[in-house]
Amino acid sequence: MLERLESLRQDALARVAEATDAEALRVLEKELLGKEGVISEILAAIPTLPQEERRDTGRGANALKGELLEAIGSKRALLDEALVEALRDGGGFDPTLPPATPARGGLHPITQVRREVEAIFTSMGYEVLDGPEVELDYYNFQALNVPVDHPSRELQDTFYCDDSHTVVMRTQTSPVQIRAMERLKPPFRVIAPGRVFRNEEQDATHEHTFHQVEGLVVGEDIQVGHLTWTLRRLLNELFERELEVRLRPGYFPFVEPGFEFDVRCPFCEDGCRVCSQTTWIEFCGCGMVQPCVLEAGFSGREDVDVSKLTGFAFGFGLDRLVMMRFGIDDIRNLMGGDLRFLEQFPC
Ligand code: DAH
């Protein structure tokens, strides 16, 4: 048996040395060292050998196995090197070229503008809050003083999630106001950007899923001047210049007085498509927080004296802002998921 090992050794090493490519080497490796290869066969046959040969045969076979593994390893490295050399000489391969770079993704235009808005508000000391998109009717409507017969509660406007109408897809980001009051200690300033949902016919300006940014400031002696200053500051930063603004009376159940806040169209002097020829753009709803909304939000809070507090709130559509910023004329593009559209706004 030992002679067989020695002749096997010489033969195997010679064949490894002669192998001309990686595939031939792989076949040879399998034949010698594979599960059904020669070495395995020898090791498996040991129990059938006469007692006195077993130990030396076992040792010899294992030593040979180690030697062959090493020989095959170094031969493989040589072949690989030779292959690179050959390709390089043939001109087909240049290892000094940079690797192909993977395609890079980008931020959605809504994310880009949302981050810009967040940066402006955080620079004014605001905290950015999040809230659930599947919301209780209590937060979305009741606590915000939206009466039971308010049209926005109709089935054709709101997606209800259960038969008893206690869970809704939030129709506005305003419910985060209540969640903020439950959790934070006044004075505080927060914004809550996020997705909202309405059961609406879709067209160029209406989507069932869109985005709002809610704002809420609560403290002592907060008044309308703080509200208009804040919104002007936001618009001036966004459009990088001083824009004329105006307040009109507006009704929202959770503010009193409530306003519509308009801004002079940043794109024209005397009417254009963006402002529907009016030179004004309706930017957001806002107002002074209804005392009953403060009561609901801070109810049960012994550390808060609601009677001393006032606050302002506002809510604007982010999609509209994105469309203005990038000159997009159909809101359905935003959530349509068409990469050819999105790739036009790299970031
Ligand atoms: N939630 C309102 C809407 O979806 C917008 C709004 C108006 C938010 C007035 C406010 C506010 O915070 O004070 O139309």
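Above: the structure in question.
All of these numbers come straight from a predicted model, not from anything done at the bench.

Engineer: Looking at this model, I keep getting lost on the overall build of the protein. Mind explaining?
Structural biologist: The number of helices and strands found in the protein is eleven helices and nine strands. On C-alpha atoms alone, the protein measures out to a radius of gyration of 37 Å, which is more than a quarter above the 20 Å that the 2.2 N^0.38 rule sets for 347 residues. Along the first, second and third principal axes, the C-alpha atoms of the protein reach 105 × 55 × 40 Å. When each of the 347 residues of the protein is scored for burial, the buried share is 43%. Expressed as a percentage of contacts within the protein between residues at least 6 apart in sequence, the contacts between residues at least 24 apart total 68%. For the protein, the computed accessible surface area is about 19400 Å², with 52% contributed by carbon and sulfur atoms. Taken as two groups, the 37 positive and 59 negative side-chain charges of the protein have centres that lie 3 Å from each other.

Engineer: Any chance you could explain a nonpolar patch on the surface here in plain terms?
Structural biologist: Taken together, the side chains of Leu83, Val84, Leu87 and Phe93 define a hydrophobic patch exposed on the protein surface, amounting to about 330 Å² of accessible area. Structurally, phenylalanine 93 can be placed in the loop between α4 (51–90) and α5 (109–123). On the accessibility criterion, phenylalanine 93 (36% relative accessible area) is partly exposed.

Engineer: Could you clarify how one ought to interpret the nonpolar core in this entry?
Structural biologist: Nonpolar side chains in soluble globular proteins tend to be buried together. Judged by nonpolar contacts, the single largest core of 44 residues is most densely connected at Val117, Phe283, Phe314, Phe316 and Leu321. Elements that contribute at least two residues to this core include exactly α5, β5 (209–219), α8 (224–239), β7 (255–264), β8 (280–289), β9 (310–317), α10 (318–326) and α11 (339–342). Ranked by residue count, the leading element in this core is α8, at six residues. When neighbours within four sequence positions are excluded, phenylalanine 283 is seen to be in contact with Leu234, Leu235, Phe261, Asp262, Val263, Phe316, Gly317 and Leu321.

Engineer: Can you walk me through the site of the ligand in this structure?
Structural biologist: Neighbouring residues of the ligand: 15 residues in total, closest Gln172, Ser174, Arg198, Gln212 and Glu214. Contact between the ligand and phenylalanine 314: an oxygen atom at 3.3 Å from a main-chain N or O atom of the residue. Relative to its unbound accessible surface of 350 Å², the ligand loses 89% to contact with the protein. The set of elements that each furnish at least two residues to the shell around the ligand consists of β5, β8 and β9. Split by residue class, the shell around the ligand holds six nonpolar, seven polar and two charged.

Engineer: Help me out: how do you make sense of unusual backbone geometry in this one?
Structural biologist: Apart from glycine, the bulk of residues carry a negative phi angle, and the bulk of peptide bonds sit in the trans form. Omega for the bond connecting proline 186 with proline 187 falls within 30 degrees of zero, at 0 degrees, which places this linkage in the cis form. Position of proline 187 among the secondary structure elements: in the loop between α7 (175–183) and β4 (188–197). Cis geometry marks the peptide bond from glutamate 256 to proline 257; its omega dihedral reads -5 degrees. Its location among the elements puts proline 257 in strand β7. Notably, asparagine 145 is not glycine yet its phi reads approximately 65 degrees, a positive angle. Mapped onto the elements of the fold, asparagine 145 is located in the loop between α6 (137–140) and β3 (167–169). Positive phi values are uncommon outside glycine, yet aspartate 221 reaches one of about 60 degrees. Structurally, the position occupied by aspartate 221 is in the loop between β5 and α8.

Engineer: Quick question: what am I supposed to make of the environment of leucine 238 here?
Structural biologist: Positionally, leucine 238 belongs in helix α8. What makes leucine 238 buried here is its relative accessible area of 5%. Residues leucine 238 and arginine 325, 87 residues apart in the sequence, show an inter-C-alpha distance of 9.1 Å. Leave out the neighbours within four places in its chain, and leucine 238 touches Glu116, Val117, Ile120, Leu321 and Arg325.

Engineer: What is the right way to look at a negative patch on the surface in this model?
Structural biologist: Taken together, Glu3, Glu52, Glu53 and Asp56 make up a surface patch of like negative charges. It is α4 that provides the largest number of residues to the negative patch, a total of three residues. Within the fold, glutamate 52 resides in helix α4. On the accessibility criterion, glutamate 52 (64% relative accessible area) is exposed.

Engineer: How should the pairing of β4 be read in this particular structure?
Structural biologist: Regular strands place side chains that alternate from one sheet face to the opposite one. Counting buried positions along β4 gives eight out of ten residues, so the element sits mostly inside the fold. Note that strand β1 (residues 127–128) and β4 share two bridges and pair parallel. By the bridge assignment for β4, valine 128 is matched with isoleucine 191. Here ten bridges tie β4 to β5, and the two strands are oriented antiparallel to one another. Across the sheet, the residue bridging to arginine 189 is valine 217, located in β5.

Conventions and cut-offs
Residues numbered from 1 in each chain as written. Predicted model: local features only at pLDDT ≥ 70, side-chain atom pairs only at ≥ 80, totals over all residues. Heavy atoms only, no water. Helix = DSSP H or I, 4+ residues; strand = E, 2+ residues; numbered from the N terminus. Rg over C-alpha atoms; globule rule 2.2 N^0.38 Å. Buried < 20%, exposed > 50% of the residue type's maximum accessible area, 1.4 Å probe, protein only. Contact = heavy atoms within 4.5 Å. Areas by Shrake-Rupley, 256 points an atom, 1.4 Å probe, with all protein chains shown as cover. Lys, Arg positive; Asp, Glu negative; His and termini not counted. Charge placed at Lys NZ, Arg CZ, Asp CG, Glu CD. Patch = residues over 30% accessible without salt bridge, like charges linked within 9 Å, V, L, I, M, F, W, Y side chains within 5 Å. Salt bridge = Lys/Arg side-chain N within 4 Å of Asp/Glu carboxyl O. Core = buried A, V, L, I, M, F, W, Y, C linked by side-chain atoms within 4.5 Å. Near = heavy atom within 4 Å. Polar contact = N/O pair within 3.5 Å; in protein donor to acceptor, adjacent residues only side chain to side chain. Nonpolar A, V, L, I, M, F, W, Y, C, P; charged D, E, K, R; others polar. Pairing = 2+ DSSP bridges.

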